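One-letter residues, chain by chain:
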Amino acid sequence: MEYILIVISAIFVNNVVFSQFLGICPFLGVSKKVSTAAGMGAAVTFVLTLATIVTYLVQKCILEPFDLKYLQTIAFILIIAALVQMVEIILKKVSPSLYQALGVFLPLITTNCCILGVAILVGDGTYNLQGLEEPTLLSGVVYAIATAIGFALALILFAGVREHLELMDVPEGMKGMPIALIVAGIMSLAFIGFSGIV
């Protein structure tokens, strides 16, 4: 039951884009087409899961035992950048088709603050706001996957609306980013309706 609450909370109630305002840059930049939004969502899910596992282990095995918690942010940034580079190299050799499919999304993930934010929340155990059992690596990974799914959901929904807006007669002063920001605000208000679930 605990994991179900974490999943529902991460996807709908505390959506990383609409509630925590993390990952806004790719949210606005890669959301012009549903296909690119889905690709970015899949890449974020993959890297976020890997980054959460590695950063959690570094936090619990190195930073906390040696009283180096003040190095958390810089260490996590370096780990995420190294993971993205490693994944890019491995994909290039093992699966060139998947590497081509992900394309520009892998380097973009390095600068996605959603990845760093979730890694810090899982490392500190502060994602467990429901007062459930002690945060563990498994619950952290479940939270990371659910957060990535919530990010992908927000990205794909937003991209669908933006594709539809291209066909609409939008006033000249509202075309492009102004109408996109208004839609993002309305979607954020819609996600507030989920706040009573958990």
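Bear in mind the structure is a predicted one, so any value in this text is a computation, not a measurement. (Residues numbered from 1 in each chain as written. Predicted model: local features only at pLDDT ≥ 70, side-chain atom pairs only at ≥ 80, totals over all residues. Heavy atoms only, no water.)

Colleague: Looking at this model, I keep getting lost on the packing of aromatic side chains. Mind explaining?
Modeller: Two descriptors summarise a pair of aromatic rings, namely the distance from one centre to the other and the angle between the planes of the rings. On inspection of all chains with the given rule, the structure shows six aromatic pairs. An aromatic cluster is defined as three or more aromatic residues linked by ring pairs; in this entry it consists of Phe-12, Phe-18, Phe-27, Phe-158, Phe-191 and Phe-194. (Phe/Tyr/Trp six-rings, centres within 6.5 Å; stacked < 30°, edge-to-face > 60°.)

Colleague: Explanation requested: the nonpolar core in the structure shown.
Modeller: When a protein is soluble and globular, its nonpolar side chains tend to lie buried together. Of all hydrophobic cores here, the largest spans 57 residues; its most connected members are Phe-27, Met-40, Leu-106, Ile-109, Phe-151 and Phe-158. Looking at this core element by element, the count peaks at eleven residues for helix α8 (residues 137-167). Once residues lying within four places of it in the same chain are set aside, the contact partners of Phe-151 are Val-16, Val-17, Gly-23, Pro-26, Met-40, Val-44, Asn-112 and Cys-114. (Core = buried A, V, L, I, M, F, W, Y, C linked by side-chain atoms within 4.5 Å. Buried < 20%, exposed > 50% of the residue type's maximum accessible area, 1.4 Å probe, protein only. Helix = DSSP H or I, 4+ residues; strand = E, 2+ residues; numbered from the N terminus. Contact = heavy atoms within 4.5 Å.)

Colleague: Help me understand the side chain of Asn-112, please; the structure alone is not making it clear to me.
Modeller: Looking at the element boundaries, Asn-112 is found in the loop between α6 (105-110) and α7 (113-124). Asn-112 has contacts with Gly-23, Pro-26, Met-40, Val-44 and Phe-151, leaving out every residue within four places of it along the chain.

Colleague: Explain the side chain of Thr-52 to me, please; I cannot follow it from the model alone.
Modeller: Among the structural elements, Thr-52 can be located in helix α3 (residues 34-63). The residues touching Thr-52, leaving out its near neighbours within four places in the chain, are Val-118, Val-122, Gly-140, Val-141 and Ala-144.

Colleague: In this structure, what is going on with the confidence of the model for the chain? I would like to understand it.
Modeller: Should pLDDT be low for a region, the predicted coordinates there are not to be read in detail. Across the chain, pLDDT averages 88, with 96% of residues at or above 70. Per-element averaging of pLDDT across the chain places helix α5 (residues 96-102) at the bottom with 76 and α8 at the top with 94. (pLDDT = per-residue confidence, 0-100.)

Colleague: Explain the packing of α3 against helix α4 (residues 72-94) to me, please; I cannot follow it from the model alone.
Modeller: When two helices pack together, their arrangement is given by the angle between the helix axes and by the axis-to-axis distance. Running from amino to carboxyl end, α3 crosses α4 at an angle of 140°, the nearest separation of the two axes being 10 Å. When the axis of α3 is compared with that of α4, the two are oblique. The handedness of the crossing between α3 and α4 comes out as right-handed. In this structure, α3 contributes Phe-46, Val-47, Leu-50, Ala-51, Val-54, Thr-55, Val-58, Gln-59 and Leu-63 to the contact, and α4 contributes Gln-72, Phe-76, Ile-79, Ile-80, Leu-83, Val-84 and Val-87. Of the residues assigned to the contact of α3 with α4, the class counts are 13 nonpolar, three polar and no charged. (Axes fitted to C-alpha atoms, helices over the stretch in contact; angles between N-to-C directions. Parallel < 35°, antiparallel > 145°, perpendicular 65-115°, else oblique. Left-handed = near helix turned anticlockwise from the far one by under 90°. Nonpolar A, V, L, I, M, F, W, Y, C, P; charged D, E, K, R; others polar.)

Colleague: Help me out: how do you make sense of the pattern of salt bridges in this one?
Modeller: One pass over the structure, following the stated rule, counts three salt bridges. With a closest N to O distance of 3.1 Å, Lys-69 and Asp-124 form a salt bridge. With a gap of 55 residues between them, Lys-69 in the loop between α3 and α4 and Asp-124 in helix α7 connect regions that are remote in the sequence. Taking the relative accessible area as the measure of exposure, Lys-69 reaches 38% and is therefore partly exposed. Judged by relative accessible area, which is 32%, Asp-124 ranks as partly exposed. Lys-175 is the partner of Glu-172 in a salt bridge, and the nearest nitrogen-oxygen pair spans 3.6 Å. Classification of Lys-175 by relative accessible area gives partly exposed; the value is 43%. (Salt bridge = Lys/Arg side-chain N within 4 Å of Asp/Glu carboxyl O.)

Colleague: Would you mind going over a nonpolar patch on the surface with me for this structure?
Modeller: There is a patch of nonpolar side chains on the surface, built from Tyr-70, Leu-71, Ile-74 and Leu-78 and spanning about 440 Å² of accessible area. Within the fold, Leu-71 resides in the loop between α3 and α4. In this structure Leu-71 comes out as partly exposed when scored by relative accessible area, which is 33%. (Patch = residues over 30% accessible without salt bridge, like charges linked within 9 Å, V, L, I, M, F, W, Y side chains within 5 Å. Areas by Shrake-Rupley, 256 points an atom, 1.4 Å probe, with all protein chains shown as cover.)

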